[in-house]
Amino acid sequence: MIGTVVRAAGDDPSWWPAWDLWGDAFLVALLFGASLPLLGVVLVLRQQMFVAAAVGQATAFAIAVALQCGLHAHAGGTVPLVAGLAAAVATSILVLRAMSARASTIEARNAWLFLAGGSGAMVVVASSPHGMQEVQRLMLSSLVYAGPGDVLGAGLGLGVVVLLAWTLPRRLAAWAIDPGTAAAHGIDVRAMDVMIGTCLGLVVGHAMAATGLAFTFGSMVLPVLCARELAGSLRGVCLWAPAIGASSALAGMMLGNRFDLPPGQAAVCVAAAAGPVLRCLRLRRSVQ
Amino acid sequence: MADPLAVPLIGAHDLAVGRGRCLVRGVTFAVAAGDSWFVVGRNGSGKSTLLATLLGMLPPLAGAVLAPCGGDRAALGYVAQEQRLKLPLPCTVAEFVGSGLPDGLVRGEARRRIEAALATIGIAPLAHQDLRALSSGEARRTLVARAMVRRPRLLVLDEPTANLDPAATARLASDLDRLRAEGVALLHVSHDLGLARRHASHVLFVANGSAQVLAPERLATLDAMEGA
């Protein structure tokens, strides 16, 4: 990789991706980079951050089953995506309901979903070269296949997430922090589970299909962990996290273009590196 | 027309509760405005199950529950026993207290209510403090403030003084006495018989699968028996 970096620097390619070639991927990265961390705030508050990975793997499994059944040849090839979204929504609702009912983090269930979904997807398409290639793309993350439909979906997802956060901030906080007290105070926790689960499933399922697991899971969790080093309040975290997510996505695209790196993984690496740096800065500031 | 203050804010008639098997039966009582009821009993006697049933979180096995505040949940404040105040993200006391408010309030009204609740419980200086930096006593009072921000007619508290030192317990009890004097009805679930003896207007004693209403003075006898 170092050789690639040196060669690329010597050739002096641009930091900015060519818009006609990478414009859709660029927009998808920015839009998901902003929406996924907002959903991540809720999951981290609920101490359920691995839900994102479990939902992502369930999506991959459903897409693999649809491919293996030959459904990609029907309805303009949208059936695997629809199957993935349906699996993501169902998994999200079930996991959130289980957490509300048991008042526990149910990490064992998330781990089971993650392992069974990921391994199951590989097993299902083992005999299909095309299917295996698609599942590997989902697991490895790649933004390069994003198209105009993905831009539209990611934009809609961001709009819905922002609308929810803007109109129901206290209800969301009550549900995320303490579902038991929320129920006693008259909030319909079951309806909230279904509403947030549907939103989470649609956004994560689509992000998974368009960008892959590493970018989806990384964008959901890492910007939130960075934001908590900068913010002194929940409101601050909700403002910082999408800004950091979108900035990481932007940096990932630029690094990817400049040094010929996979942009999804580059974005995750940027966010992952920012966390410890911000933590050190905060600790240093608190000592001073 | 019936006096709304005469209508019980919560209660039960010949209620049986349990999770699968019956834990407590024959529960009959009614809480009115300004009352301070204590549900007392040993650990595992069924106090928290009774409370969950009264709040509609569990179905009754038999008998009837008087819906809290006549079904108006906006008039109910609840302080749960186990709380995850050590959140993984920064959250100020004011934000946490505000999570008890209903959505749809204009920003100014919400701020006024939060400030009033913090002042009532005496934690206004902590408004911008991170929850994770609070002591146990401050955390308990923050939980009460979250319930108070709803301007409740009935405050339900599950083990409000658990793990508090005597000074923090006395301070919280004083806050609750003041609320009661303002007409708020209190329903505590507690195993602290001393606290119940000093602050109860009525006591519901849960033991051996049944519940009976006692005069608070009778708790001195129970306290002595517990000590023995």
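Residues numbered from 1 in each chain as written. Chains lettered and ligands numbered in written order. Predicted model: local features only at pLDDT ≥ 70, side-chain atom pairs only at ≥ 80, totals over all residues. Heavy atoms only, no water.

Colleague: Help me understand the packing of aromatic side chains in this model?
Modeller: Pairs of aromatic rings are described using the distance from one ring centre to the other and the angle between the two planes. Across all of its chains, the model carries two aromatic pairs over all chains by this definition. Judged by centre distance (5.6 Å) and plane angle (50°), the ring pair of A:F50 and A:F217 falls under tilted. On the criterion of sequence distance, the pair formed by A:F50 in the loop between helix 2 (19-45) and helix 3 (51-68) and A:F217 in helix 11 (residues 213-230) is long-range, its members being 167 residues apart. Classification of A:F217 as partly exposed rests on a relative accessible area of 22%. Residues B:F29 and B:W37 carry aromatic rings whose centres are separated by 5.2 Å and whose planes lie at 55° to one another, so their mutual orientation is tilted. (Phe/Tyr/Trp six-rings, centres within 6.5 Å; stacked < 30°, edge-to-face > 60°. Helix = DSSP H or I, 4+ residues; strand = E, 2+ residues; numbered from the N terminus. Buried < 20%, exposed > 50% of the residue type's maximum accessible area, 1.4 Å probe, protein only.)

Colleague: Can you walk me through unusual backbone geometry in this structure?
Modeller: When glycine is set aside, most residues are seen to have a negative phi, and most peptide bonds are trans. Residues and elements named next belong to chain A. Positive phi outside glycine occurs at Q47, with the angle close to 55°. As for its placement among the helices and strands, Q47 is situated in the loop between helix 2 and helix 3. In this structure Q47 comes out as partly exposed when scored by relative accessible area, which is 32%. Not every positive phi belongs to a glycine, and D260 is a case in point at roughly 55°.

Colleague: Even after reading the chapter, I still don't get the confidence of the model for chain A, so can you show me in this structure?
Modeller: Should pLDDT be low for a region, the predicted coordinates there are not to be read in detail. When pLDDT is averaged along chain A, the result is 86; 91% of the residues meet or exceed 70. Low pLDDT, under 50, characterises residues 1-10 of chain A; the predicted model gives this stretch eight contacts beyond four residues in sequence or across chains. (pLDDT = per-residue confidence, 0-100. Contact = heavy atoms within 4.5 Å.)

Colleague: Even after reading the chapter, I still don't get empty space enclosed by the protein, so can you show me in this structure?
Modeller: Over the atoms, a rolling probe the size of a water molecule traces out where space has been left empty. Residues and elements named next belong to chain B. Inspection of the entire model under this criterion finds two cavities of 30 Å³ or more. By volume, the largest cavity is sized at about 60 Å³. What lines the largest cavity is simply S36, F38, T161, T169, L172, A173, L176, D177, L186, H188, L195 and H199. Of all the secondary structure elements, the ones that give two or more residues to the lining of the largest cavity are strand 3 (36-40), helix 5 (166-181), strand 7 (185-190) and helix 6 (193-199). Ranked by residue count, the leading element in the lining of the largest cavity is helix 5, at five residues. For the lining of the largest cavity, the residue count by class is six nonpolar, five polar and one charged. (1 Å grid on protein atoms, 1.4 Å probe; cavity = no way out; pocket = protein on both sides within 12 Å on 5 of 7 lines; lining within 4 Å. Points joined across faces, edges and corners; volume = space filled by probe spheres on them. Nonpolar A, V, L, I, M, F, W, Y, C, P; charged D, E, K, R; others polar.)

Colleague: Where do I start with the layout of surface pockets in this structure?
Modeller: By volume, the largest pocket amounts to about 1,500 Å³. In terms of lining residues, the largest pocket is bounded by 46 residues, among which A:A165, A:P169, A:R170, A:R235 and B:E95 are the most central. Mapped by element, the contributors of at least two residues to the lining of the largest pocket are helix 2, helix 7 (148-167), helix 8 (169-177), helix 10 (189-211) and helix 12 (234-259) of chain A together with helix 2 (93-98) and helix 3 (107-121) of chain B.

Colleague: Before we go on, may I ask you to explain the state of the cysteines in this structure?
Modeller: Two cysteines, two sulfur atoms, one covalent bond between them: this is a disulfide. Residues and elements named next belong to chain A. For the coordinates displayed, the defined rule picks out zero disulfides over all chains. Here C269 stays unpaired: no disulfide links it, and the sulfur of C226, its closest cysteine neighbor, is 13 Å away. A relative accessible area of 51% means that C269 is categorised as exposed. (Disulfide = S-S within 2.5 Å.)

Colleague: Teacher, can you tell me more about the interface of chain B and chain A here?
Modeller: When the parts of a complex come together, some accessible area is lost, and that lost area is often taken as the interface size. With 28 residues of chain B in contact, the opposing surface of chain A contributes 30 residues. Carbon and sulfur atoms supply 55% of the area that chain B and chain A bury against each other, a total of about 2,300 Å² over both sides. Where chain B touches chain A, the interface holds one salt bridge. For B:R146, the salt bridge identified is with A:D178, shortest N-O distance 3.2 Å. Remark: the boundary between chain B and chain A carries nine residue pairs in polar contact (both at pLDDT 80 or more). Of all the secondary-structure elements, those providing two or more residues to the side of chain B that touches chain A are strand 5 (76-79) and helix 2 of chain B. Partitioned by chemical class, the residues of the side of chain B that touches chain A number 15 nonpolar, six polar and seven charged. (Buried area = accessible area lost by both parts, 1.4 Å probe. Salt bridge = Lys/Arg side-chain N within 4 Å of Asp/Glu carboxyl O. Polar contact = N/O pair within 3.5 Å; in protein donor to acceptor, adjacent residues only side chain to side chain.)

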